[in-house]
Amino acid sequence: MSEYSAALLEVKNIGKSFGAVRAVRNVSFQLFPGEVVALLGDNGAGKSTLCKLISGAYQKDVGEIFWQGKKVEITSPDVASQIGIAMMYQDLALVDEVDIPGNIFLGRELIKKIFGIVPLLDKHTMRQETEKLLARVKINIPDINRPVIKLSGGQRQATAIARTLHAKDAKLLILDEPMAALGVQEEQKVIQLIKTLKEEGRTILVVSHNLDHVFSVADRIIVLHTGAVAGIVDAHKTSREEIVGLIVGGGKRNDQ
Amino acid sequence: MISEKTSIQKLWDFVKNLHPLVYMLILLYLVVPLLSSRFLLLQNQMNITRQVSIYLIVSIGMTYVITSKGIDLSVGSTLAFIACVVAEGLKNGTIPPLVSLFVVIGMGFILGMVVGLVITKLKIPPFIASIGLMVTYRGLTHLYMGGKVIVRLPEPIVFLGQGSLGPIPFPAVISLTIALIGWWIFRFTRFGRYTVAIGSNEAACRVVGGIKVNRYKTLIYAFQGALVGIGALIMIGRLNGTSAVLAEGFEMHVIASVVMGGTSLQGGRSSIFGTILGVYTIGVIENAMVLVGADFHTQRVIIGLLLIFSIAFQGYRERKMGVLEKT
Ligand SMILES: Nc1ncnc2c1ncn2[C@@H]1O[C@H](COP(=O)(O)OP(=O)(O)OP(=O)(O)O)[C@@H](O)[C@H]1O
Ligand SMILES: [Mg+2]
């Protein structure tokens with residue numbers, strides 16, 4: 001079998017503009033089952049936009065997306081989650097006035113029926129499931145029943161990550177800066193978590209600005225520069241210098 | 001180590017966390033009796049609860065609308081329109097009293113749904129959309145009535161508005177039951193949860209949660225409309241009649257009550273208990289004004305000022321609590 005057909009996700013020449021801003025330009029890459037790929041690039045390089053094109057939050061202007069070799073149109077986040085893509089968003093991750101279980105189950109609340117007809121939120125089960133998920137993220141939150149606006153930045157981040165994990169059958173997890181608000185210890189826990197997820201056979205696309213993190217988890221690295229691919233490299237056959245060079249726009253390399 | 005709080009500290013915490021309107025009401029109950037000896041009479045107190053009932057019913061719906069970061073200025077016109085159509089039907093016998101309850105709820109649901117559809121389908125901001133429909137519904141009411149006044153309705157309808165269960169006015173029983181159900185829906189149902197979530201972060205609901213936001217928004221206005229319908233039926237019962245100018249300015253009264261109660265115009269934060277207090281506080285103030293002989297226009301001045309004051313106070317409190325202003 002060729003590498004082509006083995007790819008879990010393939011993105012071909014996709015582009016997206018916001019008015020005059022060409023946020024993503026002619027981007028192509030593949031993601032293979034069970035690998036961790038880091039997406040790097042300067043602020044405004046187009047990382048979040050690219051992720052959102054894959055998760056269905058944005059619609060591409062041009063290009064094609066293939067999922068397990070078949071062409072797909074990811075017209076909404078629903079479509080993405082049905083085919084097995086889950087994303088943790090950098091910006092619009094949480095609903096502030098709702099508690100942690102409410103956020104984790106947003107849009108897919110568990111329902112119990114009283115008297116066999118009246119559908120009610122099954123808060124008890126959602127709370128139990130939430131505790132299990134948070135235990136996986138290993139970040140401690142004393143009271144999960146508070147509106148998330150009252151949590152610390154790291155606790156909010158943990159909630160957003162846990163939410164993504166909740167998509168149990170997701171084959172591809174997209175994490176947009178999952179470590180951004182975390183303390184040193186929590187960062188390590190999330191890195192450990194990413195490794196565990198990889199062992200489970202999931203594919204992970206993770207955005208980060210921290211090269212230490214990237215080199216400790218990533219198999220491959222994709223670098224974006226002003227919306228276009230500056231490089232796709234094997235993480236074990238590159239150096240920090242090279243990556244930094246690609247990020248600031250000094251070089252070009254494509255291992256694919 | 002957290003030391004056990006003494007009972008005095010606990011009491012202080014309790015007092016500190018009481019709703020500001022509780023203090024307002026205590027103050028009113030200390031001051032108003034000095035101005036009018038009739039204020040504290042049981043008869044007068046029961047009158048207040050009867051007066052505020054219809055406001056409370058609609059305010060429960062408005063609490064949902066405002067929590068979802070919307071607003072509905074059409075409630076007064078909707079109420080008048082339903083009141084006139086149903087009063088006419090009751091009068092000429094085409095709508096039997098028992099059926100009228102279903103008619104008002106159905107009509108309200110549809111008229112409210114129209115508000116929701118104009119907002120979500122035509123993409124018009126709630127403020128403008130509902131002003132437009134406020135004028136439209138009022139115009140329809142005048143067209144329908146053509147200057148006519150309807151009086152003397154069937155006995156059961158009049159009982160609905162004027163009757164009592166023991167000393168407690170029937171409308172008060174209905175409105176408190178509705179408030180309780182409103183609280184319960186917020187806490188335990190998906191509809192209530194989405195109302196909060198949409199008001200709090202609509203984009204996240206759409207993108208992260210995949211929630212059909214427009215459908216729920218429309219449903220929120222329809223729910224509000226259904227409550228307006230119930231309010232309309234009690235209103236024509238209480239007045240034992242109606243005309244096309246019914247419930248003018250009603251919407252301001254309702255919005256003032258809800259906002260005073262602490263439901264945030266920024267969306268996402270609601271308090272049914274606060275709404276009950278807000279409605280009741282305004283009711284007491286109005287009653288006091290009537291007792292001291294203030295006229296209708298003075299009352300409106302006071303309601304207007306209360307609305308402005310309560311919004312300013314809400315903004316102040318949110319800034320003090322460090323809640324960031326949402327964009
Ligand atoms: N919804 C939008 N409307 C208009 N412009 C947008 C929108 N989203 C992104 N952009 C623009 O597209 C470009 C890429 O933004 P994007 O958020 O993808 O960058 P990023 O690589 O994720 O940056 P960061 O590291 O700061 O998160 C930027 O110039 C940004 O201003
Ligand atoms: Mg970004």
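A quick note: this is a predicted structure, and the numbers were derived from the prediction, not measured. Note that residues are indexed from 1 along each chain, following the sequence as it is written. The lettering of chains begins at A and the numbering of ligands begins at 1, in the order of writing. A pLDDT threshold of at least 70 governs which residues receive local features in this predicted model, and a stricter bar of 80 or more applies before side-chain atom pairs are shown or counted, although totals over entire chains, interfaces and linings include all residues. In computing side-chain values, all of the structure's heavy atoms are included and hydrogens and water are not.

### So, the overall build of chain A
Rule in force here: Put simply, DSSP marks the helices as runs of H or I at least four residues long and the strands as runs of E at least two long, and each gets a number from the N terminus on. What the globule rule says is 2.2 Å times the number of residues to the power 0.38, and the radius of gyration is computed from C-alpha atoms. Relative accessibility thresholds used throughout: buried, under 20% of the residue-type maximum; exposed, over 50%; partly exposed, between the two (1.4 Å probe, protein chains only). Residue contacts follow a heavy-atom distance rule, with two residues in contact if any of their heavy atoms lie within 4.5 Å. Accessible surface is estimated by sampling points in the Shrake-Rupley manner with a 1.4 Å probe; for residues, cover comes only from the protein chains shown. Charged-residue counts in this description rest on Lys and Arg as positive and Asp and Glu as negative, His and the chain ends being excluded. By convention, the charge on Lys lies at NZ, on Arg at CZ, on Asp at CG and on Glu at CD.
Helix and strand content of chain A: nine helices and 13 strands. A compact globule built from 256 residues would reach a C-alpha radius of gyration of about 18 Å, and chain A, at 19 Å, matches this within 12%. If you line up chain A on its principal axes, its C-alpha atoms span 65 × 40 × 40 Å. For chain A, the residues scored as buried account for 53% of the 256 residues in total. Looking at chain A alone, contacts between residues at least 24 apart form 63% of all its contacts between residues at least 6 apart. Carbon and sulfur atoms make up 51% of the accessible area of chain A, which totals about 11,300 Å². Of the charged side chains in chain A, 32 are positive and 30 negative, and the gap between their average positions amounts to 3 Å.

### Considering the coordination of the magnesium ion (ligand 2)
Between any two of four tetrahedral donors, the ideal angle at the metal is 109.5 degrees; between two of six octahedral donors, it is 90 or 180 degrees. Residue and element names in this part refer to chain A. Definition in use: Only nitrogen, oxygen and sulfur atoms count as donors, using a 2.8 Å cut-off from the metal that widens to 3.2 Å for Na, K and Ca. Water is left out, so coordination shells may look unfilled.
Bound to the magnesium ion (ligand 2) on the protein side are Ser48 (OG) and Gln90 (OE1), at distances that span 1.9 to 2.1 Å. Here the residue Ser48 occupies a position in helix H2 (residues 47–55), and Gln90 occupies one in the loop between strand S6 (85–88) and helix H4 (100–104), the gap between them amounting to 42 residues. Judged by relative accessible area, Ser48 falls into the buried class, the value being 19%. A relative accessible area of 41% places Gln90 in the partly exposed class.

### Remarks on the interface of chain B and chain A
As a reminder, the rule being used: Buried area: the accessible surface (1.4 Å probe) lost by two parts on joining, summed over both. Just to be clear on terms, a salt bridge is a Lys or Arg side-chain nitrogen sitting within 4 Å of an Asp or Glu carboxyl oxygen. We define a polar contact as two N or O atoms separated by no more than 3.5 Å, with the added condition that, inside protein, one atom must be a possible hydrogen donor and the other a possible acceptor, whereas residues neighbouring each other in sequence contribute only through side-chain atom pairs. Each residue gets one of three labels, nonpolar for Ala, Val, Leu, Ile, Met, Phe, Trp, Tyr, Cys and Pro, charged for Asp, Glu, Lys and Arg, and polar for the others, Gly among them.
Counting residues at the interface gives 25 residues for chain B, matched by 23 residues for chain A. With both chains or domains summed, chain B and chain A bury close to 2,000 Å², and 61% of this area falls on carbon and sulfur atoms. Looking only at chain B, the three residues that lose the most surface to chain A are Arg193, Val207 and Val208 of chain B, adding up to 32% of its buried area. There are one salt bridge connecting chain B and chain A. Across the chain B-chain A interface, the total number found is eight residue pairs in polar contact (both at pLDDT 80 or more). Among the secondary structure elements, those contributing two or more residues to the side of chain B that touches chain A are helix H8 (170–188), helix H9 (190–200) and helix H10 (202–207) of chain B. Residue classes in the side of chain B that touches chain A are distributed as eleven nonpolar, seven polar and seven charged.

### Remarks on helix H11 (residues 213–239) of chain B
Under the convention used in this document: Multiplying one less than the number of residues by 1.5 Å gives the expected span of a helix.
For H11 of chain B, built from 27 residues, the straight-helix expectation of 39 Å at 1.5 Å per residue is met to within 8% by its first-to-last C-alpha distance of 39 Å. Following H11 of chain B by one or two positions, Asn240 of chain B has its phi on the positive side, about 50 degrees.

### Observations regarding the sheet that holds strand S1 (residues 9–18) of chain A
All names here are of chain A. Basically, it comes down to this: By definition, two strands form a pair when at least two bridges between them are found by DSSP. Where helices are involved, their axes are fitted lines through C-alpha atoms of the stretch in contact, as for all axes, and angles between N-to-C directions lie from 0 to 180°.
Strand order across the open sheet formed by four strands is S2-S1-S4-S5, with antiparallel pairing between neighbours. The two strands at the open ends of the sheet, each matched to only one other strand, are strand S2 (21–31) and strand S5 (70–72). Strand-to-strand twist of the sheet, defined as the mean angle between neighbouring strand axes without regard to direction, takes the value 30 degrees.

### Section: the packing of helix H2 (residues 20–35) of chain B against helix H13 (residues 272–291) of chain B
All names here are of chain B. Just so we agree on the cut-off: In this scheme, roughly parallel covers angles under 35 degrees and roughly antiparallel covers those over 145, while 65 to 115 is roughly perpendicular and the rest are oblique. Note on convention: the crossing is left-handed when the near helix lies turned anticlockwise from the far helix by less than a right angle, right-handed when the turn is clockwise.
Contact geometry for H2 and H13: axes closest at 10 Å, N-to-C directions at 20 degrees. The angle between H2 and H13 places the two elements in the roughly parallel class. The way H2 lies across H13 gives a crossing that is left-handed. Across from Leu21, Val22, Met24, Leu25, Leu28, Tyr29 and Val32 in H2, the residues of H13 making contact are Gly274, Leu277, Gly278, Tyr280, Thr281, Val284, Ile285 and Ala288. Of the residues assigned to the contact of H2 with H13, the class counts are twelve nonpolar, three polar and no charged.

### Some remarks on H9 of chain B
With respect to burial, H9 of chain B is a largely interior element, ten of its eleven residues being buried. The set of residues buried in H9 of chain B consists of Phe191, Gly192, Arg193, Tyr194, Thr195, Val196, Ala197, Ile198, Gly199 and Ser200 of chain B.

### Topic: the site of ligand 1
Residue and element names in this part refer to chain A. We apply this condition: Being near a molecule or strand, for a residue, means having at least one of its heavy atoms within 4 Å of it.
The full set close to ligand 1 counts 15 residues, and Asn43, Gly44, Lys47, Ser48 and Thr49 are the nearest of them. In the environment of ligand 1, an oxygen atom lies 2.9 Å from a nitrogen or oxygen atom belonging to the side chain of Asn43. Gly44 is positioned such that a nitrogen or oxygen atom in its backbone is 2.8 Å from an oxygen atom of ligand 1. Against a free-state accessible area of 640 Å², the protein chains account for coverage of 64% of ligand 1. Among the secondary structure elements, those contributing two or more residues to the shell around ligand 1 are S2 and H2. Ranked by residues supplied to the shell around ligand 1, first place goes to H2 with three residues. A breakdown of the residues in the shell around ligand 1 according to their chemical character gives five nonpolar, seven polar and three charged.

### Considerations on the packing of aromatic side chains
Residues and elements named next belong to chain B. The condition is simple: Two rings from Phe, Tyr or Trp (for Trp, the six-membered ring) form a pair when their centres sit within 6.5 Å of each other. Planes less than 30 degrees apart are called stacked, planes more than 60 degrees apart edge-to-face, and all others tilted.
Summed over the entire model, instances satisfying the criterion amount to 14 aromatic pairs over all chains. When the ring of Trp183 is compared with that of Phe188, the centres are 6.2 Å apart and the planes differ by 80 degrees; the resulting orientation is edge-to-face. Ring pairing ties together the aromatic residues Tyr64, Phe186, Phe191 and Phe223, which thus form one cluster.

### Some remarks on the side chain of Glu97 of chain A
For Glu97 of chain A, the location among the structural elements is in the loop between S6 and H4. One polar contact links Glu97 of chain A to Ser200 of chain B, side chain to side chain, over a distance of 2.5 Å.

### What about the pairing of strand S11 (residues 220–225) of chain A?
Residues and elements named next belong to chain A. Within S11, five of the six residues are buried, which leaves it mostly tucked inside the rest of the structure. Relative to S11, strand S3 (residues 36–41) runs parallel, the two being bridged by five bridges. Note on S11: the bridge partner recorded for Gly41 is Leu224. The pairing of S11 with strand S12 (residues 228–234) spans six bridges and is classified as antiparallel. The residue of S12 that forms the bridge with Leu224 is Val229. Turn length for the S11-S12 hairpin, with the two strands adjacent in sequence and antiparallel, is two residues, and the turn residue Thr226 shows positive phi of about 40 degrees.

### Quick notes on the domain arrangement of chain A
Residue and element names in this part refer to chain A. What counts is decided by this rule: Domain boundaries shown here were taken from an automatic or database domain assignment.
As assigned here, chain A comprises domain 1 (1–84 + 170–256) and domain 2 (93–168). Distance from the C-alpha centre of domain 1 to the C-alpha centre of domain 2: 27 Å. The interface of domain 1 with domain 2 comprises 17 residues on the first partner and twelve residues on the second. Between domain 1 and domain 2, the buried area comes to about 1,200 Å², and carbon and sulfur atoms account for 63% of it. Our count for the contact surface shared by domain 1 and domain 2 stands at one salt bridge.

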